[in-house]
Amino acid sequence: MTSLHKLQLGSATIEYTVKRSRRRKKTVQISVSDGAVVVSAPMRTPNREIQAIIQKRGGWILDKLETESQGPPPLGLVSGDVLPYLGRELTLIVEESDVRKPSAYLDSDCLVVVAPSGFCDEERRESVRAALVTWYRAQATELLNDSVSRWLPAMDRTEMPRVLVREQKTRWGSCSADGTLRFSWRLAMVEQELIDSVAVHELAHLEVMNHSPAFWDVVLRTMPDAKERRKRLAEAGRNLPL
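Residues numbered from 1 in each chain as written. Predicted model: local features only at pLDDT ≥ 70, side-chain atom pairs only at ≥ 80, totals over all residues. Heavy atoms only, no water.

A. Seen up close, the confidence of the model for the protein chain. In the predicted model, the protein chain carries a mean pLDDT of 90, and the fraction of residues at 70 or more is 97%. The secondary structure element of the protein chain with the lowest average pLDDT is helix H2 (residues 58-69), at 79, and the one with the highest is helix H4 (residues 192-204), at 96. (pLDDT = per-residue confidence, 0-100. Helix = DSSP H or I, 4+ residues; strand = E, 2+ residues; numbered from the N terminus.)

What follows is the structure, given as structure tokens:
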């Protein structure tokens, strides 16, 4: 169940979405991503309790919103733009050709997009973006399947879970009740260490479905520097161009 709310905090107004779930038993979690504030709460949590939590963490929320608003400007997606891949920089090269669908491939330190000719600027930009998303998603699928399989033994697991890569703007990953792990394709842009930290985080949810101390015990036992990696991931996420 989802509902929209507003809270006045001094001269600022915080708009937030409350998502209630029967599976969430105790904790109330706040996330800020792409300018949206989302509160995940147990089904029976009173609105006044959620408002009190928003008010208590209002300074942090406003800081996050301000930081996000100062992120990098959108790229024109033309030759010469710089795109990240596994934490390194690639130069975008856009070539027009007599093709029906755009495609992308890696050539040394260049990410080459072959786009249909004859498009106007906006159509060309959307075509290039579509090719890039398809390419990053394919890379992320391979990288995340590899990362999950490498970390399974460290977490005393042998059965490979189902791994899906999706368009997820508000989170890096998620774990569903049936054990399916879902990840954002944008993870292909960051360093391998940070990809591994998200894989371990979601694998830990196969054992503990919340973010209680028991969950963090599982994560930190497997990856002692997980929280430091989490901070680096948050910083990297603020500067991703797509």
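Moving on, there is more to tell.
B. Geometry of unusual backbone geometry. For Leu-77, which is not glycine, the phi torsion reads 55 degrees and is therefore positive. Within the secondary structure, Leu-77 is located in the loop between H2 and strand E5 (82-85). Using a relative accessible area of 3% as the deciding quantity, one classes Leu-77 as buried. Although it is not a glycine, Asp-156 sits at a positive phi angle of roughly 55 degrees. Within the fold, Asp-156 resides in the loop between helix H3 (121-151) and strand E9 (163-166). Given a relative accessible area of 72%, Asp-156 falls into the exposed group. (Buried < 20%, exposed > 50% of the residue type's maximum accessible area, 1.4 Å probe, protein only.)

C. Broad picture of helix H6 (residues 226-237). Along its 12 residues, H6 runs 16 Å from first to last C-alpha, staying within 8% of the 16 Å computed at 1.5 Å per residue. For H6, the full list of buried residues reads Ala-226, Arg-229 and Leu-233. An end-on view of H6 places all buried positions within 60 degrees of arc, on one side of the element. Its buried side turned inward, H6 meets H4 and helix H5 (213-222). (Expected span 1.5 Å × (residues − 1). Arc of directions from axis to C-beta. Contact = heavy atoms within 4.5 Å.)

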